[in-house]
Amino acid sequence: LALFFAKQRIVLTDTAVYFATMAESKDFFYTPRYIALIAQLLPLLAIYLGSPLKYALVAYSLNLILIPTVSIFVCRCLFKNSAMAIAIILFYTIMNMMLFYYPVTEFQMGLCLIFVLHAFFVWNSERKQHWFWYTFICLMLVVTIIFSHPQAILVFYCYIVWIL
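These figures come from a predicted structure and were not determined experimentally. (Residues numbered from 1 in each chain as written. Predicted model: local features only at pLDDT ≥ 70, side-chain atom pairs only at ≥ 80, totals over all residues. Heavy atoms only, no water.)

So what's going on with unusual backbone geometry? Which residues, and what values?
Look at lysine 26: it is not a glycine, yet its phi comes out positive at around 55°. With respect to the secondary-structure elements, lysine 26 resides in the loop between helix 1 (13–25) and helix 2 (35–38). On the accessibility criterion, lysine 26 (44% relative accessible area) is partly exposed. One non-glycine residue, lysine 80, adopts positive backbone phi at about 55°. Tracing the backbone through its elements, the reader meets lysine 80 in the loop between helix 4 (53–78) and helix 5 (82–98). (Helix = DSSP H or I, 4+ residues; strand = E, 2+ residues; numbered from the N terminus. Buried < 20%, exposed > 50% of the residue type's maximum accessible area, 1.4 Å probe, protein only.)

I'd like a description of the packing of helix 6 (residues 106–127) against helix 8 (residues 150–163), backed by residues and values.
At a minimum axis distance of 9 Å, the contact between helix 6 and helix 8 shows a crossing angle of 20°. Considered as vectors, helix 6 and helix 8 are oriented roughly parallel to each other. For the pair helix 6 and helix 8, the crossing hand works out as right-handed. Taking contact as the criterion, the partners of Phe107, Leu111, Ile114, Leu117, His118 and Phe121 in helix 6 are, on helix 8, Gln151, Ala152, Val155, Phe156, Tyr159, Trp162 and Ile163. Taken together, the residues of the contact of helix 6 with helix 8 break down into eleven nonpolar, two polar and no charged. (Axes fitted to C-alpha atoms, helices over the stretch in contact; angles between N-to-C directions. Parallel < 35°, antiparallel > 145°, perpendicular 65-115°, else oblique. Left-handed = near helix turned anticlockwise from the far one by under 90°. Contact = heavy atoms within 4.5 Å. Nonpolar A, V, L, I, M, F, W, Y, C, P; charged D, E, K, R; others polar.)

Which residues make up the environment of methionine 109, and what values do they have?
Take methionine 109: it is sitting in helix 6. Along the chain, methionine 109 and isoleucine 67 lie 42 residues apart, while their C-alpha atoms are 6.8 Å from each other.

Explain the side chain of serine 71 to me, and be specific about the residues and the numbers.
Residue position: serine 71 is located in helix 4. For serine 71, a relative accessible area of 5% gives the class buried. In this structure serine 71 touches Leu66, Ile88, Cys112, Leu113 and Val116, once residues within four positions along its chain are discounted.

Which residues make up the nonpolar core, and what are the values?
Within the largest apolar cluster, 40 residues are counted, with the highest numbers of intra-cluster contacts made by Tyr60, Cys75, Leu111, Val116 and Leu117. Elements represented by at least two residues in this core include exactly helix 1, helix 2, helix 3 (41–48), helix 4, helix 5, helix 6, helix 7 (131–148) and helix 8. Sorting elements by how many residues they give to this core places helix 6 first, with ten residues. Leaving out residues up to four positions away in the same chain, valine 116 has contacts with Ser71, Val74, Cys75, Phe79, Ile88 and Leu141. (Core = buried A, V, L, I, M, F, W, Y, C linked by side-chain atoms within 4.5 Å.)

I'd like a description of a nonpolar patch on the surface, backed by residues and values.
Among the surface-exposed residues, Leu42, Leu45, Leu49, Leu62, Leu66 and Val70 lie close enough to one another that they form a single nonpolar patch of about 500 Å² accessible area. With three residues, helix 4 is the largest single contributor of residues to the nonpolar patch. Mapped onto the elements, leucine 66 comes out in helix 4. For leucine 66, a relative accessible area of 35% translates into the label partly exposed. (Patch = residues over 30% accessible without salt bridge, like charges linked within 9 Å, V, L, I, M, F, W, Y side chains within 5 Å. Areas by Shrake-Rupley, 256 points an atom, 1.4 Å probe, with all protein chains shown as cover. Salt bridge = Lys/Arg side-chain N within 4 Å of Asp/Glu carboxyl O.)

Break down the side chain of asparagine 124 for me, citing the residues and quoting the values.
Of note, asparagine 124 is situated in helix 6. In this structure asparagine 124 touches Gln129 and Tyr134, once residues within four positions along its chain are discounted.

Bear in mind that shape data such as this cannot, by itself, settle questions of function.
Here you go:
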């Protein structure tokens, strides 16, 4: 579907501006929501390789779905948490059906990482190993979630209250 709907994915103002700026400058579109930089990796690679704009757009569309796909894989295969993997699938399905937020948005990407953080939390609480790496990874995930979108902060606070 990412291939089929590549043109529709950039109808939102943010993604249209990001893509146009990348294509023109051959550089990242810098934003305080640095999670958006992850979604710009494949299209920039396509632009650097001299691909036609059409293929760079398809690369952008594919890149946008990589965050939930990789998150599902990490939750299911690395952390052995099928519930969180299924929750990510349901989250994206319901959010895309009921709201005008596509996987393009930093808000949705940040919320997806809350599921990964929870799977990591549960996985590590069962093992209680590698305190330094656990703390470092949790801090990186928390910073990314908080800076992904202003609305993600509220959801993250609710998650913390739920955990406590």
